[in-house]
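# Structure assessment
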Amino acid sequence: MDLIELEKLKKFLLQEKTQIESELKDFTTKNPAIEDDYQSHFHKSDQSDTLDEKAHSVTDFEEDRAVEQNLELRLKEINETLKKIDGGSYGICDRCSLPIDSRRLKVMPAARFCVNCTKKVKLI
């Protein structure tokens, strides 16, 4: 991947990172002790809430947690990819240390493995 494409990718990833962090701020609190970790807010109910309302609060919390976890995973992938770009190791397979095909990287910018290694570890 040439330098211009790499800079475009980095810009795209930084924009996506900002978007994800913004989404997470809407319903979570950042955990200061752990990088890229957030905690969903539980929608507290009060004494006057019916059982149905309390059940909805729990359901809402569980839905928020699922979204939070997916966003955290993507944020982690983005941060790892940005570190690789900055460190000069982007596009190198984590398993065999051979270059990852640029076509694969265009489709999956956070790809950690080449196609052959992905097939070997059955990640496809």
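Residues numbered from 1 in each chain as written. Predicted model: local features only at pLDDT ≥ 70, side-chain atom pairs only at ≥ 80, totals over all residues. Heavy atoms only, no water.

## Some words on the overall build of the chain
Inclusion rule: The numbering of helices and of strands both runs from the N terminus, where a helix is a DSSP run of H or I of at least 4 residues and a strand a run of E of at least 2. In this treatment the radius of gyration is a C-alpha quantity, and the globule benchmark scales as 2.2 Å times the residue count to the 0.38 power. Relative accessible area decides the class of each residue, using a 1.4 Å probe on protein chains only: under 20% of the type maximum gives buried, over 50% gives exposed, and in between gives partly exposed. With residues, only the protein chains shown are counted as cover, and all accessible areas are computed by Shrake-Rupley using a 1.4 Å probe.
A tally of regular secondary structure across the chain gives four helices and two strands. Listing every helix and strand of the chain by position from the N terminus yields α-β-β-α-α-α. Its C-alpha atoms give the chain a radius of gyration of 19 Å, more than 25% over the compact-globule value 14 Å for 124 residues. With respect to the three principal axes, the spread of C-alpha positions in the chain is 60 × 30 × 25 Å. Here the chain, with 124 residues, has 31% of them falling under the buried criterion. With an accessible surface of roughly 8,800 Å², the chain has 53% of that area assigned to carbon and sulfur atoms.

## Quick word on the layout of surface pockets
Empty space among the atoms becomes visible once a probe the size of a water molecule is rolled across them. Threshold: Only protein atoms enter the 1 Å grid used here, on which a cavity is any set of points holding a 1.4 Å probe that cannot leave and a pocket is any open set flanked by protein within 12 Å on both sides along at least five of seven lines; residues with an atom within 4 Å of a point are listed as lining. Grid points are joined across faces, edges and corners, and a volume is the space filled by probe spheres set on the points. Amino acids outside the nonpolar list (Ala, Val, Leu, Ile, Met, Phe, Trp, Tyr, Cys, Pro) and the charged list (Asp, Glu, Lys, Arg) are all regarded as polar, and Gly is one of them.
Approximately 300 Å³ is the volume attributed to the largest pocket. Lining the largest pocket are 16 residues, and of these Glu77, Ala110, Ala111, Arg112 and Phe113 lie nearest its centre. Of the residues forming the lining of the largest pocket, the biggest block, six residues, is contributed by helix H2 (residues 51–87). In the lining of the largest pocket, the residues fall into eight nonpolar, two polar and six charged.

## With respect to the confidence of the model for the chain
To keep it simple, the criterion reads: Confidence of the prediction at every residue is given by pLDDT, a number between 0 and 100.
Overall, the predicted model of the chain reaches an average pLDDT of 89, with 95% of residues at or above 70. When pLDDT is averaged over each helix and strand of the chain, the minimum, 85, is found for strand E2 (residues 38–40) and the maximum, 94, for helix H1 (residues 3–27).

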